[in-house]
Amino acid sequence: MAGDSNRGPYVDCPRFVYWSGIDFVLRRVGPSVNSTAIADLGRESNWVGFPVAVAGLGIAGFACADALHQLGASVHVVDSSDGEEQSTKAEILRTLGVHVTLGKEAKLDESVALLVVSPGLRPTSPLIEQAMKSGVVVWGELELAWRLRPATSKAPWL
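About the thresholds
- Residues numbered from 1 in each chain as written.
- Predicted model: local features only at pLDDT ≥ 70, side-chain atom pairs only at ≥ 80, totals over all residues.
- Heavy atoms only, no water.
- Phe/Tyr/Trp six-rings, centres within 6.5 Å; stacked < 30°, edge-to-face > 60°.
- Buried < 20%, exposed > 50% of the residue type's maximum accessible area, 1.4 Å probe, protein only.
- Lys NZ or Arg CZ within 6 Å of the ring centre and 35° of its normal.
- 1 Å grid on protein atoms, 1.4 Å probe; cavity = no way out; pocket = protein on both sides within 12 Å on 5 of 7 lines; lining within 4 Å.
- Points joined across faces, edges and corners; volume = space filled by probe spheres on them.
- Helix = DSSP H or I, 4+ residues; strand = E, 2+ residues; numbered from the N terminus.
- Nonpolar A, V, L, I, M, F, W, Y, C, P; charged D, E, K, R; others polar.
- Pairing = 2+ DSSP bridges.
- Axes fitted to C-alpha atoms, helices over the stretch in contact; angles between N-to-C directions.
- Contact = heavy atoms within 4.5 Å.

Novice: Lay out the packing of aromatic side chains in plain terms, naming residues and giving numbers.
Specialist: Two measures describe an aromatic ring pair: the distance that separates the ring centres and the angle between the ring planes. Evaluation of the coordinates by the stated rule reveals one aromatic pair. A ring pair is formed by Trp 47 and Phe 50, whose centres lie 5.9 Å apart and whose planes are at 80°; its orientation type is edge-to-face. The two residues Trp 47 and Phe 50 agree in class, both being buried. Its end group placed over the ring of Trp 146, Arg 149 keeps NZ or CZ at 3.6 Å from the ring centre.

Encoded structure:
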């Protein structure tokens, strides 16, 4: 039995398993996610209309939302803060056509397939927990940066 933070547990056994009256064990147990399509997303992928949420409107969150919007993704930014800095960045993104929700009512839209989060967001935050319960794949901002880097990039990564 194995798993990771984006998927529930799964059994790595392609054949039927007979044990204690159990006729077979499902190959994957847990929420159903089309993780194959998401796992293949990168710089050359067709992001047009792909539903992505970005958590946080800080420096990196703003850049993620802008980059995803430029790729054609359907971006929804959520941030529980509604200060002056967030409001200014929200107005810029709204002008571009990005949906932004600020304040305590910031929740994930049901159509979201991918959530990009800031490294500063705790894994136990309600937004991430909501995503995990809904079967939404969660990436960190660095995962997105890695996937969107040019294929010819020789940039060193830690």
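On we go from here.
Novice: Give me the lowdown on the layout of surface pockets, citing residues and values where you can.
Specialist: Quantified by volume, the largest pocket comes out at close to 420 Å³. Lining of the largest pocket is provided by 20 residues; of these, Asp 79, Ser 80, Leu 121, Ser 125 and Leu 127 occupy positions nearest its centre. When contributions to the lining of the largest pocket are tallied by element, the ones reaching two or more residues are helix 2 (59–70), strand 4 (74–79) and helix 4 (126–134). The biggest single contributor to the lining of the largest pocket is helix 4, with three residues. Classifying every residue of the lining of the largest pocket gives eight nonpolar, eight polar and four charged.

Novice: An account of the sheet that holds strand 7 (residues 137–140) is requested, with residue identities and associated values reported.
Specialist: Read across the open sheet, the five strands follow the order 5-4-3-6-7; overall the sheet is parallel. Each edge of the open sheet is held by one strand with a lone partner, namely strand 5 (99–102) and strand 7. Here the average twist between neighbouring strands, direction ignored, is 20°. Sheet topology places strand 3 (residues 51–55) next to strand 6 (residues 114–117); four bridges connect them, and they run parallel. The residue bridging Ala 55 from the neighbouring strand is Val 117, located in strand 6. Packing against the sheet, helix 4 makes contact with strand 3, strand 4, strand 6 and strand 7, and its axis sits at approximately 155° to strand 6. Packed on one face of the sheet, helix 5 (residues 141–148) meets strand 6 and strand 7 and runs near 80° to strand 7.

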